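Here's the letter readout for the chains.
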Amino acid sequence: MSAPDASQTKQQRERATTIFEKGAPGRRAFRAPDLDVPQVDGLIPEGMRRAQPPRLPEASEPELVRHYVNLSKRNFDLDSGFYPLGSCTMKHNPRLHERVAALPGHARLHPLQDPRRAQGALELMFNLQESLAEIAGLPHVSLQPSAGSHGELAGVLLTRAYHADRGEQRTTVLTPDSAHGTNPATVTMAGYEVVKVALDAAGGVDVDDLRAKADDSVACLMLTNPSTLGIFDPNIEEIASIVHGVGATLYYDGANLNAIMGYSRPGDMGFDIVHFNLHKTFTQPHGGGGPGAGPIAVSDRIEPYLPRPQVVRRPPGAQNGSNALHENGADGRLVGGPPIFDLDEDRGGRDSKSIGKLRGFQGNYGVFVRTYAYIRSLGGEGLQDVCEVAVLNANYLLARLREKVGDRLPLAFGERCMHEFVLSGAPMKKELGIRTLDLAKRLLDHGFHPPTVYFPLVVDEALLIEPTETETRETLDAFADAIAAIIAEAEADPEIARNAPYTTPVRRLDEAGAAKRPRVREVLPQ
Amino acid sequence: MAGYTAVTAEDLAIMLDAIGVGSIAELFEAIPAGVRLERPIDLPPGEPEQAVYAELRRLAELNTSAEDEITFLGGGMYDHYVPAIIDMLMSRSEFLTPYTPYQPEVSQGGLQIMFEYQTAISELTGLPVSNASVYEGPSAVGAAAYLAKLTNKRRKVLVSRGVHPHSRATLDTLAVGYGMEVVEVGLDDALTDLGALRGALSDDISAVILQQPNFLGAIEDVQAIADAAHEHGALVVCAADPLTLGVLEAPGHQGVDVVVGEGQSLGNRLDFGGPSFGFFAATEKHLRSMPGRIAGETTDADGRRGFVLTLQTREQHIRREKATSNICTSQALNALGGVVYLSWLGRRGIVELGELMLQRTHYARETLAALDGVDKLHERPVVREFALRLDADVGRVLERCAAAGVNAGYALGRSYDEYGDGLLVAITEQRSRADIDRLAEVLAAAVAAERAGAGAEVAA
Amino acid sequence: MADASYPDDLLYHPDHDWARIQDGVATFGITWFAQDALGEVVFFDPPEVGSSVTAGESYAEVESVKAVSDVIAPLTGEIVEVNTTLADAPEAINDDPYGAGWMVRVTLSDPAQADGLMDSETYVGTL
């Protein structure tokens, strides 16, 4: 592929206009229901009524449809192409999940509905708690956290509650150099100081450094295993023993769970707290950056502190509350009766050791529906297959890339990988004069979403590649060929990659300009 | 085997050969024997798509949704109509399946929508800067307290008892980590007690947090609270119901520094509580302390207008332990629903919708309060939700109403010990006068039945 | 961006900061090497006039699009002036790091500290 000339695509010729610049005064899509009650004036006190209506767009439904559908065409998406974004697990999103999540019984269920009339939702959540407990190897689950970062915060707050309950004041949390940025950010928000643990030559935790830093001021070690380098830490048992030896908890960042399902479980590795990224491992569509969900699973010693509410199953015949009616309703239906599945809002009552709530209501139920459908579709055997093919695909792509461009883009650590791997673009930069960023931008012209770039920070010019289990061998081959073609092209003329992309709706954007003089909203006419 | 992988026997042979191993098992050799799961994962076997559909449908049918009854449940999430255009757009692959827009050249659709969303939220709240959304409402309140701490380094937060119980509970949880103390300010006849607030204010208060309208539905005097707080240099945080802001003054025009809230009522489904989105807007000076993603406008190499994620140095992936928040993503898809909904409503529609809720709410409140055994819990002005007092056991009354196909609302005693006889009733544009009249009929009968046979347990 | 240069009339701190001392008042900034490593500067978060700075400790932050760096004080003293033009034109730190890109002026509490800094030649030798 050569660099296209200056001829632009239709999209490129048109200036991007927002919905606020479209439409015309008086246009509308919404029609309010007729006022069917007597009009009463003065219901809002003077000074509290809005003086000027918010300047929202004024557009017809056809205009809205055309505007947003045209915008959709300016997005790259997983349904149309390979998206090997490392650490994000961009696996196929089954359409069944969207169909079942949209069933009115799920989608139009109010979160404050009486548990007796939300038994399907609570049964689903209970079964999901049980399934996630089995997958994690830890017996207790809270579905409440809304994202991985939220699960991390829950986990570190649980750690804080655990130590406080034992009368201990611990001050630091250990994280390895390769950790996701959310780990140290979470630690600060939970009131601890971050202490970094070095990596050893193989990319694992430097056990000597860990031993030196582990003392009774340490509350927790946060670890991803396999790490963001795609390497399973072979010293995990020793690491767990060191951390537990000083009375600290061991926290598992579940971002990379796709790599071990069926082979190992965080609970079996000695972790006390795990968060799941349901949007990664269990394929909630990423939605352009959310929503997700980040349930946590914990060991017995952490259980008393779990957030409220959890879903519980009452033993048969147990009475619940004083409101239970046992009579026929007006239409003859039996109403009331104790719920089998219930929300345990105040577990432990006033003496509860729970850390409380992390958000409103019960969590991202719509995500749970999709996750549950996924687990029911795959079963235990299917989840193991997911893991095996994810690791197979990653190693195959790695092998193809090493064969084609191994000298320019060497593997950062080790010989093989788990579900993802990190290449270093340092030789490419030095020898060809193109950076990892340039390679990424040129990949866009080949119709691929680039891998994660410049993460993890411990690798110079990093390229973190995670193909996932749902890609075919042909796709992996085509991707390896594209990288090889870009490298070959740069051997001849590095300028092409340096100025890429050429075929996208816009070309390289001035991010520095955006940050210097931030324009974060449309300036609207008065 | 499972539905979504694609490795044939031939593929497997070629792939193992390329890797240089004899089996898949060899790829897992790094996992030490001591931590291996030496048995299959113990879950029910996988099932074909049609069987899974049937199971999820079975579960759905065990729920009584807003489709199955006339519901007046609110308390933070509301049964508004979600226009078909939103279903269509939110299910488009191009919006549903990408990740966070790390490569702006191929994410202009999503980024521009974030920019439009931020513009709409700024307009609605009356504040100049908005992020691209956070998880949901109550945790947005918690995030606002963290911004206050970063801003003035003070360690105490005052929160009105009129703020959603889940927001207050979330704040309590998070404040432990922030090292902040949360002090509640009580209500005086359903409004934040201004006298108590003034008494609690001092120069070590980081922020004052209120909700508009508050959990009892009452319209707060936001300006008076903001003025009192600012006298002591405290930030003012207001959790707002976005769909009331067509008729209620924007908190940003009443001295509020940070406006947050639950975005579900803007074109998002109830989904038993999530996913939805939280909005987060602030005054200009807080731009660099905001949590979460922010889209900004810029130009490309050819001078074309474009959009990027900007001010990323605030965020965890760069600033790590010094980040303004640990939040990674926004709730992009839900926020898309939000901005499409606001565009669909439009400048006139949001006022008309607010006015309709106002009128029907007034009608419902007066109609229900006229029933025997039913009184207003407070007389304060309301927009879309109001509180009643029942002279009968609220839980049992709700059961009786439910049996008649009407969900009469939320038993306030579930969250407020002092309102054990309270019922919170919410109105949306989907509840017509006929629905309200039906509620009145059913509620009257239920209260009467309870008062007649108070305490009697009737066997089924 | 200008070519690499390390003026002879400045003193250098190993964390890539410079000081120019005139009449007991020092001007601080970051070196050509530092701004080059950082890339295009998009934001300078200045300290307040009247606050004190300590040699070897951070007194401000500079940001590029994808990085944040602490700015280290080469000497101890009290800030008497900050370069407010950097708020609107942070690119001066790249374009003219020893001129328009200066950051603060400081009255020194211990002028003898300057003896611990490097001259241009020594600093260049460390790069």
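The model shown is predicted, which means the values in this text are computed figures rather than measured ones.

1. So, the overall build of chain B
Phase 1 of the analysis: If you tally the helices and strands in chain B, you get 13 helices and 17 strands.
Phase 2 of the analysis: Viewed in the frame of its principal axes, chain B has a C-alpha envelope of about 80 × 60 × 50 Å.
Phase 3 of the analysis: Relative to its 460 residues, chain B shows a buried fraction of 68%.
Phase 4 of the analysis: Sequence separation of at least 24 residues holds for 71% of the intrachain contacts in chain B that already meet a minimum separation of 6.

2. Comments concerning the overall build of chain C
Phase 1 of the analysis: Within chain C, the secondary structure is distributed over three helices and nine strands.
Phase 2 of the analysis: Beginning at the N terminus, the succession of helices and strands in chain C can be written as β-β-β-α-β-β-β-β-β-α-β-α.
Phase 3 of the analysis: Here chain C has a C-alpha radius of gyration of 13 Å; the compact-globule value for 127 residues is 14 Å, and the two agree.
Phase 4 of the analysis: Counting only C-alpha atoms and orienting by the principal axes, one finds that chain C spans roughly 35 × 35 × 20 Å.
Phase 5 of the analysis: Residue burial in chain C is summarised as follows: out of 127 residues, 46% are buried.
Phase 6 of the analysis: Within chain C, residue pairs in contact and separated by at least 24 positions form 63% of the contacts whose partners lie at least 6 positions apart.
Phase 7 of the analysis: For chain C, the exposed surface amounts to about 5,800 Å²; the carbon and sulfur share of it is 47%.

3. What to know about the domain arrangement of chain B
One frequent convention defines the size of an interface as the accessible area lost when the parts assemble.
Phase 1 of the analysis: Looking at chain B, the domain boundaries give domain 1 (9-51), domain 2 (70-79 + 348-452) and domain 3 (84-341).
Phase 2 of the analysis: Between domain 1 of chain B and domain 2 of chain B, the C-alpha centre-to-centre distance is 56 Å.

4. Quick word on the packing of helix H11 (residues 332-369) of chain B against helix H13 (residues 433-452) of chain B
Residue and element names in this part refer to chain B.
Phase 1 of the analysis: Contact geometry for H11 and H13: axes closest at 10 Å, N-to-C directions at 20°. Between H11 and H13, the crossing angle belongs to the class labelled roughly parallel. The crossing of H11 and H13 is right-handed. Only Arg 433, Ile 436, Asp 437, Leu 439, Ala 440 and Leu 443 of H13 make contact with H11, whose side of the interface consists of Arg 360, Tyr 363, Ala 364, Thr 367 and Leu 368.

5. Here's the deal with the packing of aromatic side chains
Phase 1 of the analysis: Enumeration over the complete set of coordinates arrives at 26 aromatic pairs over all chains.
Phase 2 of the analysis: Aromatic side chains A:Phe126 and A:Phe341 sit 5.5 Å apart centroid to centroid with 50° between the ring planes, which places their arrangement in the tilted category. On the criterion of sequence distance, the pair formed by A:Phe126 in helix H5 (residues 119-136) and A:Phe341 in strand S11 (residues 341-344) is long-range, its members being 215 residues apart. Note on accessibility: A:Phe126 and A:Phe341 belong to one class, buried.
Phase 3 of the analysis: Residues C:Tyr12 and C:Tyr123 carry aromatic rings whose centres are separated by 4.8 Å and whose planes lie at 5° to one another, so their mutual orientation is stacked. Of this pair, C:Tyr12 sits in strand S1 (residues 11-13) while C:Tyr123 sits in helix H3 (residues 120-126), and the two are 111 residues apart along the sequence.
Phase 4 of the analysis: Using a relative accessible area of 0% as the deciding quantity, one classes C:Tyr12 as buried.
Phase 5 of the analysis: An aromatic cluster of three or more residues is present, and its members are A:Phe276, A:Phe282, A:Tyr374 and B:Tyr4.
Phase 6 of the analysis: The ring of A:Tyr192 has A:Arg160 sitting right over it, with the charged end atom 4.6 Å from the ring centre.
Phase 7 of the analysis: Over the ring of C:Phe43 we find B:Arg288; its NZ or CZ atom is 3.4 Å from the centre of that ring.

6. Points about the sheet that holds strand S4 (residues 218-223) of chain A
All names here are of chain A.
Phase 1 of the analysis: Taken in spatial order, the seven strands line up as S1-S7-S6-S5-S4-S2-S3 in an open sheet, and their pairing is mixed. Here the strands that pair on one side only, and so sit at the sheet edges, are strand S1 (140-142) and strand S3 (193-197). Going from strand to strand, the sheet's axes swing by 25° on average, the running direction of each strand aside.
Phase 2 of the analysis: One ladder, built from three bridges, connects strand S2 (residues 172-176) with S4; its direction is parallel.

7. Some points on the packing of H5(A) against helix H2 (residues 49-61) of chain B
Phase 1 of the analysis: For the pair H5(A) and H2(B), interaxial distance at closest approach is 6 Å and the crossing angle is 130°. One element, H5(A), and the other, H2(B), form an angle in the oblique class. Note on element contacts: H2(B) touches H5(A) through B:Leu56, B:Arg58 and B:Leu59, opposite A:Gly120, A:Ala121, A:Glu123 and A:Leu124.
Phase 2 of the analysis: Residues of the contact of H5(A) with H2(B), tallied by class, amount to four nonpolar, one polar and two charged.

8. Focus on the interface of chain B and chain A
Phase 1 of the analysis: At the junction of the two partners, chain B supplies 201 residues and chain A supplies 214 residues.
Phase 2 of the analysis: Approximately 18,700 Å² of surface area, both sides summed, lies buried where chain B meets chain A, with 60% of it carried by carbon and sulfur atoms.
Phase 3 of the analysis: Considering only the surface of chain B that becomes buried against chain A, B:Tyr4, B:Phe272 and B:Arg347 emerge as the three largest contributors, covering 6% of it.
Phase 4 of the analysis: Across the contact surface, chain B and chain A share 20 salt bridges.
Phase 5 of the analysis: One salt bridge connects A:Arg376 with B:Glu47, and the closest N-O pair in it is separated by 2.9 Å.
Phase 6 of the analysis: Taken together, chain B and chain A are joined by 103 residue pairs in polar contact (both at pLDDT 80 or more).

9. Looking at the sheet that holds strand S10 (residues 278-282) of chain B
Residue and element names in this part refer to chain B.
Phase 1 of the analysis: Taken together, the seven strands give an open sheet; going across it, the order is S2-S10-S9-S8-S7-S3-S4, and neighbouring strands pair in mixed fashion. Of all the strands in the sheet, the pair left with one neighbour each is strand S2 (129-130) and strand S4 (181-185).
Phase 2 of the analysis: When strand S7 (residues 205-212) meets strand S8 (residues 235-240), the two strands line up parallel, connected through six bridges. Each bridged residue has a counterpart across the sheet, and for Val 208 the counterpart in S8 is Val 236.
Phase 3 of the analysis: Sheet strands touched by helix H6 (residues 137-152): strand S3 (156-160), S7, S8, strand S9 (258-262) and S10. Its angle to S9, the strand with the most contacts, is close to 160°.

10. Notes on the UniProt feature "domain: Glycine cleavage system P-protein N-terminal" (unreviewed entry) in chain B
Phase 1 of the analysis: Mapped onto this numbering, the UniProt entry gives "domain: Glycine cleavage system P-protein N-terminal" (unreviewed entry) at residues 7-443 of chain B.
Phase 2 of the analysis: Segment residues 7-443 of chain B splits into 37% helix and 16% strand. End C-alpha atoms: 61 Å apart.

11. Details of the interface of chain B and chain C
Phase 1 of the analysis: The partner chain C presents nine residues to the six residues of chain B that form the contact.
Phase 2 of the analysis: Between chain B and chain C, roughly 630 Å² of surface is buried when both sides are summed, and carbon and sulfur atoms account for 47% of that area.
Phase 3 of the analysis: It is B:Arg288, B:Thr313 and B:Arg319 that lose the most area in chain B upon contact with chain C, and together they represent 62% of the buried surface on that side.
Phase 4 of the analysis: Our count for the contact surface shared by chain B and chain C stands at four salt bridges.
Phase 5 of the analysis: Note that C:Glu63 and B:Arg288 form a salt bridge whose closest N and O atoms lie 3.8 Å from each other.
Phase 6 of the analysis: Where chain B touches chain C, the interface holds four residue pairs in polar contact (both at pLDDT 80 or more).
Phase 7 of the analysis: In the side of chain B that touches chain C, the residues fall into one nonpolar, two polar and three charged.

12. Section: the pattern of salt bridges
Phase 1 of the analysis: Evaluated as defined, the whole model comprises 83 salt bridges over all chains.
Phase 2 of the analysis: Of the charged contacts in the structure, one is a salt bridge between A:Arg170 and A:Glu168, with a shortest N-O distance of 2.6 Å.
Phase 3 of the analysis: Overall, A:Arg170 belongs to the buried group, its relative accessible area being 9%.
Phase 4 of the analysis: A salt bridge links B:Asp11 to A:Arg473; the shortest N-O distance between them is 2.7 Å. On the criterion of chain membership, the pair formed by B:Asp11 in helix H1 (residues 9-19) and A:Arg473 in helix H14 (residues 473-492) is interchain, its members lying in two chains. A:Arg473 shares its class with B:Asp11; the two are buried.
Phase 5 of the analysis: Salt bridges sharing partners connect three or more residues here, namely A:Arg15, A:Glu21, A:Arg519, A:Glu522, B:Glu297 and B:Arg305.

13. Some remarks on helix H5 (residues 108-125) of chain B
Residues and elements named next belong to chain B.
Phase 1 of the analysis: If you check H5, its first and last C-alpha atoms are 25 Å apart, about what 18 residues at 1.5 Å a residue would give, namely 26 Å.
Phase 2 of the analysis: Burial within H5 is extensive, with 17 of its 18 residues counted as buried.
Phase 3 of the analysis: Trailing H5 by a residue or two, Gly 126 shows a phi angle of about 75°, which is positive.

14. A short note on the environment of A:Pro291
Phase 1 of the analysis: Looking at the element boundaries, A:Pro291 is found in the loop between strand S6 (273-276) and strand S7 (296-298).
Phase 2 of the analysis: When the C-alpha atoms of A:Pro291 and A:Phe361 are compared, they prove to be 16 Å apart, with 70 residues separating the residues in sequence.
Phase 3 of the analysis: Not counting chain neighbours up to four residues away, the residues in contact with A:Pro291 comprise A:His279, A:Gln284, A:Pro285, A:His286, B:Pro275, B:Gln331, B:Leu333 and B:Asn334.

15. Brief notes about the side chain of A:Glu461
Residue and element names in this part refer to chain A.
Phase 1 of the analysis: As for its placement among the helices and strands, Glu 461 is situated in the loop between strand S13 (452-453) and strand S14 (462-465).
Phase 2 of the analysis: Residue class for Glu 461 comes out buried when judged on its relative accessible area of 3%.
Phase 3 of the analysis: Only 3.2 Å separates the side chain of Glu 461 from the side chain of Arg 435, close enough to count as a polar contact.
Phase 4 of the analysis: Polar side-chain contacts of Glu 461 include one of 3.0 Å to the side chain of Tyr 454.
Phase 5 of the analysis: Those residues in contact with Glu 461, other than ones at most four positions away along the chain, are Leu 423, Ser 424, Gly 425, Ala 426, Lys 429, Arg 435, Thr 436 and Tyr 454.

16. A look at a nonpolar patch on the surface
Phase 1 of the analysis: Residues C:Phe33, C:Val124 and C:Leu127 make up a contiguous nonpolar surface patch of roughly 230 Å² in combined accessible area.
Phase 2 of the analysis: Structurally, C:Val124 is set in helix H3.

17. Digging into helix H9 (residues 236-245) of chain A
All names here are of chain A.
Phase 1 of the analysis: Within the sequence span of H9, burial applies to Ile 236, Ile 239, Ala 240, Ile 242 and Val 243. Burial along H9 is one-sided: seen end-on, the buried residues are contained in an arc of 165°.
Phase 2 of the analysis: Looking at the packing, one finds that the buried side of H9 touches helix H8 (207-213), S4, strand S5 (249-254) and helix H10 (266-269).
Phase 3 of the analysis: Phi turns positive, to about 80°, at Gly 247, one or two residues after H9.

Rules of the game
Residues numbered from 1 in each chain as written. Chains lettered and ligands numbered in written order. Predicted model: local features only at pLDDT ≥ 70, side-chain atom pairs only at ≥ 80, totals over all residues. Heavy atoms only, no water. Helix = DSSP H or I, 4+ residues; strand = E, 2+ residues; numbered from the N terminus. Buried < 20%, exposed > 50% of the residue type's maximum accessible area, 1.4 Å probe, protein only. Contact = heavy atoms within 4.5 Å. Rg over C-alpha atoms; globule rule 2.2 N^0.38 Å. Areas by Shrake-Rupley, 256 points an atom, 1.4 Å probe, with all protein chains shown as cover. Domains from an automatic or database assignment. Axes fitted to C-alpha atoms, helices over the stretch in contact; angles between N-to-C directions. Parallel < 35°, antiparallel > 145°, perpendicular 65-115°, else oblique. Left-handed = near helix turned anticlockwise from the far one by under 90°. Phe/Tyr/Trp six-rings, centres within 6.5 Å; stacked < 30°, edge-to-face > 60°. Lys NZ or Arg CZ within 6 Å of the ring centre and 35° of its normal. Pairing = 2+ DSSP bridges. Nonpolar A, V, L, I, M, F, W, Y, C, P; charged D, E, K, R; others polar. Buried area = accessible area lost by both parts, 1.4 Å probe. Salt bridge = Lys/Arg side-chain N within 4 Å of Asp/Glu carboxyl O. Polar contact = N/O pair within 3.5 Å; in protein donor to acceptor, adjacent residues only side chain to side chain. UniProt positions renumbered as here; feature names shortened; annotations may be inferred. Expected span 1.5 Å × (residues − 1). Patch = residues over 30% accessible without salt bridge, like charges linked within 9 Å, V, L, I, M, F, W, Y side chains within 5 Å. Arc of directions from axis to C-beta.

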